[in-house]
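What the coordinates show
Each chain, letter by letter, is given below.
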Amino acid sequence: MDANGCDALALERGDNGLFVKADIFDRPVAFAVDEVTSVGTPMEALSASLNKFGKVDFPYMCSLVGMDMEQMIESLAGRIFYNPLVGEYEISDRFISGNVVTKAEMIENWITDTGDTDPRVAASLQALKDAFPERIRFEELDFNFGERWIPAAIYAEYMSYLYCTEVKIAYSSAMDTFSVTNTNDTAKITHEYCVEGKFRHYNGMSLLRHALHNTTPDIKKSIGKDADGKDILVPDPEAIQLANTKIDEIRDGFTEWLNAQSDEFKERLVDLYNRRFNCFVRPRYDGSHQTFPGINMKLLGERLNVRSIYQSQKDCIWMLLQNGGGIADHEVLRP
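All figures in this text were calculated on a predicted structure; none of them were measured in a lab.

Our next topic: empty space enclosed by the protein. This model, assessed by the stated rule, comprises one cavity of 30 Å³ or more. Along the walls of the largest cavity sit Met 43, Leu 46, Arg 79, Ile 91, Ser 92, Asp 93 and Trp 318, which together make up its complete lining. Those elements that place two or more of their residues in the lining of the largest cavity are α1 (42–53) and α4 (92–95). A per-class count over the lining of the largest cavity returns four nonpolar, one polar and two charged.

So, about the packing of α1 against helix α2 (residues 58–65). Viewed as axis vectors pointing N to C, α1 and α2 meet at an angle of 135 degrees, and their least axial separation amounts to 9 Å. Judged by the inter-axis angle, α1 sits oblique to α2. Between α1 and α2 the crossing geometry is right-handed. Two secondary-structure elements touch here, α1 through Pro 42, Ala 45, Leu 46, Ala 48, Ser 49, Lys 52 and Phe 53 and α2 through Tyr 60, Met 61, Leu 64 and Val 65. Considering only residue class, the contact of α1 with α2 consists of nine nonpolar, one polar and one charged.

A word on the nonpolar core. Of all hydrophobic cores here, the largest spans 39 residues; its most connected members are Phe 145, Met 159, Tyr 163, Ile 169, Leu 208, Ile 250 and Phe 254. Contributing elements (two or more residues each) for this core: α7 (152–163), β6 (167–172), β7 (177–182), α9 (204–213), α10 (237–259) and α11 (263–276). Among the nonpolar cores identified, the runner-up in size contains 32 residues, and Val 56, Met 61, Tyr 82 and Leu 128 belong to it.

Calculation notes
- Residues numbered from 1 in each chain as written.
- Predicted model: local features only at pLDDT ≥ 70, side-chain atom pairs only at ≥ 80, totals over all residues.
- Heavy atoms only, no water.
- 1 Å grid on protein atoms, 1.4 Å probe; cavity = no way out; pocket = protein on both sides within 12 Å on 5 of 7 lines; lining within 4 Å.
- Points joined across faces, edges and corners; volume = space filled by probe spheres on them.
- Helix = DSSP H or I, 4+ residues; strand = E, 2+ residues; numbered from the N terminus.
- Nonpolar A, V, L, I, M, F, W, Y, C, P; charged D, E, K, R; others polar.
- Axes fitted to C-alpha atoms, helices over the stretch in contact; angles between N-to-C directions.
- Parallel < 35°, antiparallel > 145°, perpendicular 65-115°, else oblique.
- Left-handed = near helix turned anticlockwise from the far one by under 90°.
- Contact = heavy atoms within 4.5 Å.
- Core = buried A, V, L, I, M, F, W, Y, C linked by side-chain atoms within 4.5 Å.
- Buried < 20%, exposed > 50% of the residue type's maximum accessible area, 1.4 Å probe, protein only.

Laid out in structure tokens, this is it:
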């Protein structure tokens, strides 16, 4: 008797005037029940294997298309690659994706350790190297003092130069904090990079901690006494501004110091950045091999002169088939 009852979703369907349980209670509905027994091309066999097993299964594929394994591998060249790390073939969309730099290094180490000269492995390794993202050069990078990917030893080397004494810096990833120590208190630490507050001094080592964490010291001053004779504390804007100025000098000087280093030093830093951040390749799904028998393009052909679905749609379908679903966020083209 609920007036809004018709808005409720239910797992049932109408059948000859009766409501019966939905099909999902009786049989699978998320995939085709019919078994594929034969296909026309190796790519169709590959698609069927991925749909059924989620991987490249040569006995199954060969039985579908009537080829032996060697013929199948040759026909699917560039679509599948042998991964020695797992001991089997993988589709290119999966193999040439993710951290390709680390994957290539692991395969190179595998070759060194095993002494294997399998041409399949060499071809796979070359495919990974060809997919490396374009290297980012030193001039294209922005270096911010305190970035966690830069080794603390480099910060220590810079600060030892700036403060004219040995400075040690350590980083704790668990706490996400830097700790700093110095051998001697030089004039740079005690005077040039020092701010005197009402109640304490903030020397160069204290400002260095703030520079590494990109924070500002909370410097207070007194504006009188309360009824209990205690100081009434408020922020000291002049001292805080002076501290910020000196912290900015520390941070800005880091880039200038890096630019003055040797080419070898810069290359090591660039290698570190590229290996850590510029090493990922997104999967590239190519669905051009697919056919869609029975698809009706008549209406689209009459209105928009469209004779086939777009390549992006084919790629999207191929992605959905391989991943067992997904989200298709494609722009709709309007006439």
